[in-house]
Amino acid sequence: MSESGGTGETMMRGTLIRGIGSFYTAKDAAGNTYTLRCKKKFRRQGISPLTGDEVWFTPGEGEKDGWIEEILPRKTVCLRPPVANVSCLVIVIAPVPEADLLLTDRLISRAVAQEMKILIAVNKTDLDQVLAPVISEQYRPAGIPVFPVSGKTGEGLEALKKAMEGELCCLTGQSGAGKSTLLNVLLKVHLETGDISRKISRGKNTTRQSELIEKEGLRVMDTAGFSLLEPERPLPPEKIRKRYPEFVPYEGKCRFRECLHDREPGCAVQEAADNGIIHPERLLRYRQLLAETREVWRERYD
Ligand SMILES: Nc1nc2c(ncn2[C@@H]2O[C@H](COP(=O)(O)OP(=O)(O)OP(=O)(O)O)[C@@H](O)[C@H]2O)c(=O)[nH]1
Ligand SMILES: [Mg+2]
Ligand SMILES: [Zn+2]
């Protein structure tokens, strides 16, 4: 197959909605799909196309596949799973399995670093009505909206859907929280849920590819094991506090200019927590993540 395509042909704009092996599927604004291959020049530059990438491409003719010609600059990049341009992270938590707020804070930290919009969906309100207000209180000072929803009864899904509109969304959260269940209702699709999905994925992971689904006015990445938790490059400990939106108003207001809000005297963030303006448990978990970050930073050259 020749790589010379492009001469005299018109280039088209599209979004990569999936990639399997060295074949990619692009979708244009009109909703038509094209099978494309990736030019070797990308590999030489160490770049691989990702689901979610915006590209210029030359469509194939007849039986021939087209070519990805250019990948537009990415707004965000996730490496596990590999997806580009996610603009909104929807963190799904539930009463069962028990909500892990340290995990939630980690996800928020990574999303803030990439300037993603963040939404929290507290699922399974049909089982429990206590969790949602608790979560809401924890994250209100950070300006993160919390949506009580039920994938079972459909409660709260209209509000969640409204908040997701216009964004390239990705659902994340613990296994069993109900991500696939929510997507099935929101997008009117049939993704595997519950025990079946877990049975299939056990010992047989990495088979499923990320796919961008555009349906019901939403754009959502359906990914296996979305975590965003791949080991990040070691981060200087003083950078973590910038990833807490509710700390920002206190920047420069502590007694010490370099205050890490880690029990230093005269800490304005601690004072805000004492006054209930910042949630004290968010601050405690921040200190846990700070301690971890310090450890990793100290060992970075080992
Ligand atoms: N009662 C109740 N059960 C729910 C609700 N949403 C999901 N479930 C159940 O929770 C279980 C897990 O749901 P899934 O949608 O498979 O969870 P998931 O987050 O996609 O899990 P993984 O794919 O393993 O990451 C299933 O048995 C669902 O039927 C809900 O709103 N209420
Ligand atoms: Mg699932
Ligand atoms: Zn401080």
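Predicted model only: the values in this text are computed from it and were never measured.

**Description of the confidence of the model for the chain**
Point 1. For the chain, the mean per-residue pLDDT works out to 89, and 89% of the residues sit at or above 70.
Point 2. The low-confidence segment residues 1-7 (pLDDT under 50) makes 8 contacts with residues lying over four places distant or belonging to another chain.
Point 3. Between residues 202-207, whose pLDDT stays under 50, and residues either more than four places distant or in other chains, the model counts 2 contacts.

**A closer look at the site of ligand 1**
Point 1. Around ligand 1, the surrounding shell holds 18 residues, and the nearest of these are S175, G178, T181, T193 and G194.
Point 2. At the level of secondary structure, the elements contributing two or more residues to the shell around ligand 1 comprise α5 (179-187) and α6 (194-201).

**Focus on the nonpolar core**
Point 1. Residues V90, I120, A121 and V122 are the most contacted members of the largest nonpolar core, which totals 53 residues.
Point 2. Of all the elements, strand β8 (residues 88-93) adds the most residues to this core, at 6 residues.
Point 3. Two domains each provide a minimum of three residues to this core, namely domain 1 (12-73) and domain 2 (78-222).
Point 4. Discounting chain neighbours no more than four positions away, the residues touching A121 are V90, V92, F147, V149, L160 and L182.

**Regarding the sheet that holds strand β12 (residues 211-215)**
Point 1. On the basis of which strands lie adjacent, the open sheet formed by 6 strands has the order β10-β9-β8-β11-β13-β12 and mixed pairing. Looking at strand neighbours, the two that pair on one side only are β10 (146-148) and β12, the edges of this open sheet. On average, each strand axis in the sheet is inclined to that of its neighbour by 30°, with strand direction left out of account.
Point 2. Across 3 bridges, the pairing between strand β11 (residues 168-172) and strand β13 (residues 218-222) is parallel. Counted as the bridge partner of L168 is R219 from β13.
Point 3. On the sheet, α5 packs against β8, β9 (117-122), β11, β12 and β13 and is oriented at approximately 150° with respect to β13.

**Brief notes about unusual backbone geometry**
For residues that are not glycine, phi is negative in most cases, and the peptide bond is trans in most cases.
Point 1. Here V96 and P97 are connected by a cis peptide whose omega angle stands at -10°.
Point 2. Turning to its location among the elements, P97 is positioned in the loop between β8 and α2 (101-113).
Point 3. Its identity is not glycine, yet N85 carries a phi of approximately 70°, on the positive side.
Point 4. By the element assignment, N85 lies in the loop between β7 (82-84) and β8.
Point 5. Look at N85 and you get buried, because 22 C-beta atoms sit within 10 Å.
Point 6. The backbone of E115 shows a phi angle near 55°, a positive value even though the residue is not glycine.
Point 7. Tracing the sequence through the fold places E115 in the loop between α2 and β9.
Point 8. Its 9 C-beta neighbours within 10 Å are what place E115 among the exposed residues.

**With respect to the pairing of strand β3 (residues 33-38)**
Point 1. Relative to β3, strand β2 (residues 23-27) is paired through 5 bridges, and the arrangement is antiparallel. Within β3, the position partnered with K27 by the bridge is T33.
Point 2. Between the antiparallel neighbours β2 and β3 lie 5 residues, among them G31 with a positive phi of about 95°.
Point 3. Sheet analysis places β3 next to strand β5 (residues 66-71), joined by 3 bridges and oriented parallel. Looking at β5, one finds that L36 is bridged to G66.

Calculation criteria
Residues numbered from 1 in each chain as written. Chains lettered and ligands numbered in written order. Predicted model: local features only at pLDDT ≥ 70, side-chain atom pairs only at ≥ 80, totals over all residues. pLDDT = per-residue confidence, 0-100. Contact = placed C-beta atoms within 7 Å. Near = placed C-beta within 6 Å. Helix = DSSP H or I, 4+ residues; strand = E, 2+ residues; numbered from the N terminus. Core = buried A, V, L, I, M, F, W, Y, C linked by C-beta atoms within 7 Å. Buried ≥ 20, exposed ≤ 12 C-beta atoms within 10 Å, placed from the backbone. Domains from an automatic or database assignment. Pairing = 2+ DSSP bridges. Axes fitted to C-alpha atoms, helices over the stretch in contact; angles between N-to-C directions.

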